[in-house]
Amino acid sequence: MHGAVIHAPGDVRLEPLDDPKILRPTDAIIRTAVTCVCGSDLWPYRGLEPIGEAHPMGHEYVGFVEEVGSEVTAVRPGQFVVGSFATSDNTCANCRHGFQSHCLNRESMSTCQADYVRIPNAQGTLVATDETPTEEFWPGLLAVSDVMGTGWWAADAAEVKPGSTAVVVGDGAVGLCGVIAAKEMGAERIIAMSRHESRQELALEFGATDVVTERGDDGVARIKDLTDGIGADSVLECVGTAQAMQQALRSARPGGNVGFVGVPHGVAVDGQQLFYSHVGLRGGPAPVRRYLPDLIDRVLTGRIAPGKVFDLTLPLEQVAEGYRAMDERRAIKTLLTP
């Protein structure tokens, strides 16, 4: 088979790789239907995370079950399945509390930009659709495996409630999916922070009521202007930089909540600032598996369309261009077709 391998910053190549095999009785092998490039893949691509030895890339996937281990009974060969970037047995104490991304037997996916993928913990990780969905639904279901699930977690962690005001910091795929989540959870006002016209348009289509282009002090002031000087009930931080975190914390009202899902890079939270702000802070890797059945249903019934975040589709052999397009902000998110 072939898969994407990163060698150095800016250097991603499609290369021949060994076909995956069942290594444990809890494994499954899937044939990839579609996969994609994630915004978090850009951290090593830009040299902001160490790469070390050349290694495969990709953690988002949907596909067809090819083979299962002897202990896997939840899915069977031929079924169309959706999984999560963090695999889970879905039975340990952390899973039972709804934090499957912190499963005691967690393994993180990192080989999904490929023709075939081995899925550890398949019994607890994979969710099969009742029937094979038509290809028009594949992008939306792929979004559910990470960015839609992560956007949902951002809104959940920020405690978005019906009638509330939510601010979304970040206009990448996760932030845009956070707009969808806030809308679905009943937020009355959704303020998207974005400087890019195409992303602003998609945010408005997804349910944003306002767009704020300012950043820093000016961005906070604009949020306060829009909320009668108080701040937002919920803020979704979907970037991971120090500036984005400060933007989020300072945009929330006293007693409000920030859900942070951007992988932190250079982020430090001042304890005194947090203490005196009365702002709640919760986040981390999204427990996507918790939300999969519900989000799959919302996609297949047409209630949400997170697949629209994919604004560039390329064959897998052009994966390097997919990375370049996202790095240069010519694309929100690249869909790859094996």
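Quick caveat, the model's predicted, so the values are computed rather than measured. (Residues numbered from 1 in each chain as written. Predicted model: local features only at pLDDT ≥ 70, side-chain atom pairs only at ≥ 80, totals over all residues. Heavy atoms only, no water.)

1. With respect to the overall build of the chain
- Scanning the chain from terminus to terminus reveals twelve helices and 18 strands.
- Over its C-alpha trace the chain gives a radius of gyration of 19 Å, about what one expects of a compact globule, namely 20 Å for 338 residues.
- Along the first, second and third principal axes, the C-alpha atoms of the chain reach 60 × 40 × 35 Å.
- A burial count over the chain gives 53% of its 338 residues as buried.
- Across the chain, every contact between residues at least 6 apart in sequence was considered, and the portion connecting residues at least 24 apart equals 68%.
- Carbon and sulfur atoms form 48% of the exposed surface of the chain, whose accessible area is close to 14200 Å².
- One finds the centroid of the 29 positive side-chain charges in the chain at a distance of 4 Å from the centroid of its 44 negative side-chain charges. (Helix = DSSP H or I, 4+ residues; strand = E, 2+ residues; numbered from the N terminus. Rg over C-alpha atoms; globule rule 2.2 N^0.38 Å. Buried < 20%, exposed > 50% of the residue type's maximum accessible area, 1.4 Å probe, protein only. Contact = heavy atoms within 4.5 Å. Areas by Shrake-Rupley, 256 points an atom, 1.4 Å probe, with all protein chains shown as cover. Lys, Arg positive; Asp, Glu negative; His and termini not counted. Charge placed at Lys NZ, Arg CZ, Asp CG, Glu CD.)

2. Let's talk about the sheet that holds strand E11 (residues 165-169)
- The sheet built from six strands is open, its strands ordered E13-E12-E11-E14-E15-E16 with parallel pairing. Every interior strand has two partners, whereas the edge strands, strand E13 (210-212) and strand E16 (280-283), have only one. With strand direction ignored, the average angle separating the axes of adjacent strands in the sheet is 20 degrees.
- Relative to E13, strand E12 (residues 189-193) is paired through three bridges, and the arrangement is parallel. (Pairing = 2+ DSSP bridges. Axes fitted to C-alpha atoms, helices over the stretch in contact; angles between N-to-C directions.)

3. Some words on the packing of aromatic side chains
- Tallied over the full model, the rule gives six aromatic pairs.
- When the centroid spacing of 5.3 Å and the interplanar angle of 85 degrees are considered together, the rings of phenylalanine 64 and phenylalanine 80 count as edge-to-face. Here the residue phenylalanine 64 occupies a position in strand E5 (residues 62-68), and phenylalanine 80 occupies one in strand E6 (residues 80-82), the gap between them amounting to 16 residues. Accessibility classification places phenylalanine 64 together with phenylalanine 80 in one group, the buried group.
- Through successive ring pairs, a cluster of aromatic residues spans Phe64, Phe80 and Trp138.
- Between arginine 290 and the ring centre of phenylalanine 99, over which it is positioned, the NZ or CZ distance is 5.0 Å. (Phe/Tyr/Trp six-rings, centres within 6.5 Å; stacked < 30°, edge-to-face > 60°. Lys NZ or Arg CZ within 6 Å of the ring centre and 35° of its normal.)

None of the figures reported here should be taken as evidence of function without further support.
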